[in-house]
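Okay, here's what each chain looks like letter by letter:
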Amino acid sequence: MRNTVLKLTPLSANTGVEIAGVDLANPLSPEAAQEIRDALNTWGAVFFRDQDITPDQQVAFARHFGTVEKRTHPSSMSPVEGTPEVSIIHREPTDGRNTGGFWHTDQCFLPDPPLGSVLYAKSLPTRGGDTMFCHMGAACAELSEGMRAMLRGLKAVHVRLNYHGIGGKPQWGVTPDELEFFTMKYAGQVATHPVIGRHPESGQEILYVNPIYTDRFEGWTREESQPLIQYLCERATRPENYCRFDWKPGSLAMWDNRAVLHYALDDYAGESRTMHRCVVLGPWLQPAA
Ligand code: OGA
Ligand code: MN
């Protein structure tokens with residue numbers, strides 16, 4: 001198949017578009033690459049079906065959007081043999097929590113989170129295992145002008161340890177000993193980002209909070225901050241605002257980690273799931289004001 005005419009089918013009002021008419025095993029023409037980039041800027045996530053690609057071809061696709069390098073964050077991911085930029089996300093029926101089973105953005109607890117990620121389905125459960133995406137530009141636009149004006153003046157502190165325990169209390173089946181270990185390991189993984197940032201390509205204002213890692217507003221206590229953070233996240237992730245991608249063999253997704261939250265559904269008990277993932281580094285959100 002040649003990369004000529006792309007057909008775009010949105011999955012929901014604001015988030016996610018399926019793109020047909022492209023074979024990612026071949027180099028993209030500059031026109032096709034630009035169309036995909038424009039679609040990503042508009043919809044926050046782009047999806048392709050029936051692709052048959054190697055890890056190197058996945059990296060070649062990702063390079064159209066920024067720099068691709070090895071950056072494996074959860075320790076549950078191991079690199080693909082021969083292509084260290086691509087990690088394997090594998091889940092066995094006996095594994096505990098699945099990677100990304102809550103609304104989040106990737107690595108918000110670092111000063112330089114990746115611009116986006118590319119995920120390719122290798123082996124899927126017979127049912128379940130979808131991923132949801134929610135556009136935080138749309139979520140920002142529907143807030144009142146008064147709320148946006150206040151949020152533009154705020155920064156938020158994102159804490160990796162919150163994935164394991166909050167305020168020194170273990171969460172989600174983590175044991176106190178494990179929490180002690182993670183507390184040492186992730187002590188430095190705390191970053192502050194503006195609550196509203198401007199997308200470097202679309203120019204859109206983006207609400208950059210998520211319900212687990214976003215711990216508090218800078219200069220506020222966690223107790224003061226959480227009601228507003230949770231309100232913003234609940235309002236943003238209403239069903240009207242997200243799309244749900246049903247993986248099939250050969251499906252590939254790329255999301256803009258600056259613009260969308262994502263959520264990997266944990267609804268395939270007793271089965272396993274394997275994905276290939278690489279992350280793209282590049283310009284981050286800019287100050288809103
Ligand atoms: C990720 C992630 C979602 C999924 O790769 O960052 O959250 O559906 N994965 O596997
Ligand atoms: Mn993720």
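Throughout, residues of each chain are indexed from 1 in the direction in which the sequence is written. Numbering of ligands from 1 and lettering of chains from A proceed in the order in which they are written. Reporting of local features is limited, given that this is a predicted model, to residues whose pLDDT is at least 70; pairs of side-chain atoms are given and counted only at 80 or more, and all residues count toward the totals for whole chains, interfaces and linings. Only hydrogens and water are removed before side-chain values are computed, so all heavy atoms of the structure are retained for them.

## Describing the sheet that holds strand E8 (residues 131-135)
Backbone-to-backbone hydrogen bonds join strands into a sheet, with any given pair of strands oriented parallel or antiparallel. In space, the three strands of this open sheet follow the order E16-E8-E18, with antiparallel pairing throughout. With one partner strand each, in any of the chains shown, strand E16 (242-245) and strand E18 (260-264) form the two edges of the open sheet. Taking each pair of neighbouring strands and ignoring which way they run, the sheet shows an average axis angle of 20 degrees. Note: two strands are recorded as paired if DSSP finds a minimum of 2 bridges between them. Under the DSSP-based scheme used, a helix requires at least four consecutive residues in state H or I and a strand at least two consecutive residues in state E, with every element numbered from the N terminus. For helices, the axis comes from a line fit to the C-alpha atoms of the stretch in contact; other axes are also lines fit to C-alpha atoms, and the angle between any two N-to-C directions lies between 0 and 180 degrees.

## Topic: the site of ligand 1
Near ligand 1 you find Ile 89, Gly 100, His 104, Asp 106, Leu 119, Thr 131, Trp 255, His 262, Ala 264, Arg 273 and Arg 277, and these make up its full shell. Between N or O atoms, a polar contact is any pair within 3.5 Å; within protein, one atom must be a potential hydrogen donor and the other a potential acceptor, and residues adjacent in sequence are included only when both atoms are from side chains. A distance of 2.8 Å separates an oxygen atom of ligand 1 from a polar side-chain atom of Arg 273. Contact between ligand 1 and Arg 277: an oxygen atom at 2.6 Å from a side-chain N or O atom of the residue. Only the protein chains shown count as cover for residues, with accessible areas throughout obtained via the Shrake-Rupley method and a probe of 1.4 Å. Starting from 290 Å² of accessible surface for ligand 1 in isolation, the protein chains cover 99%. Of all the secondary-structure elements, those providing two or more residues to the shell around ligand 1 are E18 and strand E19 (273-281). A single heavy atom is enough: if one lies within 4 Å of a molecule or strand, its residue is considered near that molecule or strand.

## Considerations on the coordination of the manganese ion (ligand 2)
Water is not among the atoms examined, so metal sites may look incomplete; donors are the N, O and S atoms within 2.8 Å of the metal, or within 3.2 Å for Na, K and Ca. Donor atoms from the polypeptide that bind the manganese ion (ligand 2) are His 104 (NE2), Asp 106 (OD) and His 262 (NE2), placed at 2.1 to 2.2 Å. Read in sequence order, the donor residues coordinating the manganese ion (ligand 2) give the pattern H-x1-D-x155-H. Of the two residues, His 104 is situated in the loop between strand E6 (83-91) and strand E7 (116-123) and His 262 in strand E18; the sequence distance between them amounts to 158 residues. This pair shows no difference in class: His 104 is buried, exactly as His 262 is. Buried means the residue's accessible area, taken with a 1.4 Å probe over protein chains only, is under 20% of the maximum for its type, while exposed means over 50%, and partly exposed covers the values in between.

## Quick notes on the nonpolar core
In terms of nonpolar packing, the biggest core is built from 49 residues, with Phe 133, Met 136, Leu 151, Val 195 and Leu 207 touching the most fellow members. Per-element accounting of this core gives the leading share, five residues, to helix H6 (residues 222-236). Contacts were defined at the residue level, with two residues in contact if any of their heavy atoms lie within 4.5 Å. Among residues more than four places away in sequence, those in contact with Leu 207 are Met 136, Cys 140, Leu 143, Leu 151, Val 195, Ile 196 and Leu 232. Leu 6, Leu 40, Val 80 and Val 280 belong to the second-largest nonpolar core, a separate cluster that totals 29 residues. Here the nonpolar core consists of buried residues drawn from Ala, Val, Leu, Ile, Met, Phe, Trp, Tyr and Cys, with membership extended through side-chain atoms lying within 4.5 Å.

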